[in-house]
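# Structural overview for review
Below are the chains, spelled out letter by letter.
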Amino acid sequence: NELTLFNRHVAPVTSVAINMYGNLVATGSKDGTVKLIDCTYGVETMAFSLPSLAEVASIAMDHTGLCLLVSYRDSCNRIWDLRTQRCLPQRLKGHRNTSTHYVRSCFGPRGSTVCGASEDGGVYLWAKAGYLLNKLLGHAGPVYDVAWCSRRQVLASCGEDRTVRIWSAGQAVS
């Protein structure tokens, strides 16, 4: 059964994330806004956007539920501190995420790293502090999504070339 309906975005919703307790949902939209919803009461608790209003390609919460990774279609990933409702100063750049595709990003193990897909065929890994750790090559075309498995210490990526690649954590952060 449907528990709550939330329809406050003015453009299509492109991504959704829920915290590990199931009481907070974050949504991202083509209108460039991110909204947080309290699932217990079904109310919007927070909303924010960048001045540029770049479209949101994906969002992900870290393991604590206190930081939100937002991938914008201006080729920049940003981390928002949900306690202060502010965007952290570091910009995770180098990859390509433009108007052609929706490429996604995620937090790595323990939230200390960020992994991002890219239209240039690479898989990018950044330290949460903002600097590039590695670029993994292997896809023949845009990479659309990435996912970490902390238990097995592997990274998965998928792309336009119809492949799913599994990378060891050692490969990823070396």
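Reading the values: rules and limits
Residues numbered from 1 in each chain as written. Predicted model: local features only at pLDDT ≥ 70, side-chain atom pairs only at ≥ 80, totals over all residues. Heavy atoms only, no water. Core = buried A, V, L, I, M, F, W, Y, C linked by side-chain atoms within 4.5 Å. Buried < 20%, exposed > 50% of the residue type's maximum accessible area, 1.4 Å probe, protein only. Helix = DSSP H or I, 4+ residues; strand = E, 2+ residues; numbered from the N terminus. Contact = heavy atoms within 4.5 Å. Pairing = 2+ DSSP bridges. Axes fitted to C-alpha atoms, helices over the stretch in contact; angles between N-to-C directions. Phe/Tyr/Trp six-rings, centres within 6.5 Å; stacked < 30°, edge-to-face > 60°. Salt bridge = Lys/Arg side-chain N within 4 Å of Asp/Glu carboxyl O.

### So, the nonpolar core
Ranked by size, the top nonpolar core spans 17 residues in total, and within it V34, L36, F48, I59, L68, V70 and Y72 carry the most contacts. For this core, the secondary structure elements donating two or more residues are β2 (24-29), β3 (33-38), β4 (43-49), β5 (56-61) and β6 (67-72). Residue contacts for Y72: discarding those within four places in its chain leaves G32, V34, L50, A54, E55, V56, A57, N77, R78, W80 and N97. Counting 13 residues, the second-largest nonpolar core is a separate cluster that includes C115, L136, L155 and W167.

### Some thoughts on the sheet that holds strand β11 (residues 123-127)
Reading across the sheet, the 4 strands line up as β9-β10-β11-β12 and stay open at both edges, with antiparallel pairing between neighbours. At either end of the open sheet lies a strand with only one pairing partner, and these are β9 (105-107) and β12 (132-136). The sheet shows a mean angle of 15 degrees between the axes of neighbouring strands, direction not considered. Where strand β10 (residues 113-116) lies against β11, 4 bridges are found, and the strand directions are antiparallel. From the neighbouring strand, C115 faces β11, where its bridge partner is L125.

### Observations regarding the packing of aromatic side chains
Inspection of every chain in the model, using the stated rule, returns 2 aromatic pairs. Between the aromatic rings of Y124 and W126, the centroid separation amounts to 5.8 Å while the plane-to-plane angle is 20 degrees, which identifies the pairing as stacked. Each member of the pair, Y124 as well as W126, carries the same accessibility label: buried.

### Let's talk about the pattern of salt bridges
Tallied over the entire structure, the rule returns 7 salt bridges. R8 is the salt-bridge partner of E44, the closest N and O atoms lying 3.8 Å from each other. Of the two residues, E44 sits in strand β4 while R8 sits in the segment before β1 (13-18), which places them 36 residues apart along the sequence. Classification of E44 as partly exposed rests on a relative accessible area of 27%.

### Looking at the environment of V56
Structurally, V56 is set in strand β5. Along the chain, V56 and S15 lie 41 residues apart, while their C-alpha atoms are 7.7 Å from each other.

### Details of the sheet that holds β6
Taken in spatial order, the 4 strands make up an open sheet running β5-β6-β7-β8, and their pairing is antiparallel. Two strands close off the open sheet at either side, each with one partner strand: β5 and β8 (86-92). For this sheet, the mean angle separating the axes of adjacent strands, direction not counted, is 25 degrees. The sheet contact formed by strand β7 (residues 76-81) and β8 spans 4 bridges and is antiparallel.

### Digging into the pairing of β3
Extensive coverage of β3 is indicated by the burial of 6 of its 6 residues. In β3, alternate side chains face the same way, and those of T33, K35 and I37 on one face and V34, L36 and D38 on the other are all buried. In this structure, β2 lies alongside β3, joined through 5 bridges in antiparallel fashion. Each bridged residue has a counterpart across the sheet, and for A26 the counterpart in β3 is L36. Here β2 folds back onto β3 in antiparallel fashion, the turn holding 3 residues, of which G32 has a positive phi close to 85 degrees.

### Some points on unusual backbone geometry
Even without a glycine there, the phi angle at Q153 is positive, about 55 degrees. For Q153, the location among the structural elements is in the loop between β13 (143-149) and β14 (154-159). Taking relative accessible area as the criterion, Q153 reaches 34% and is therefore assigned partly exposed. In this structure, R162 is a non-glycine residue whose phi angle is positive, near 65 degrees. The residue R162 is located in the loop between β14 and β15 (164-168) in this model.

Just distances and angles here, no functional claims.
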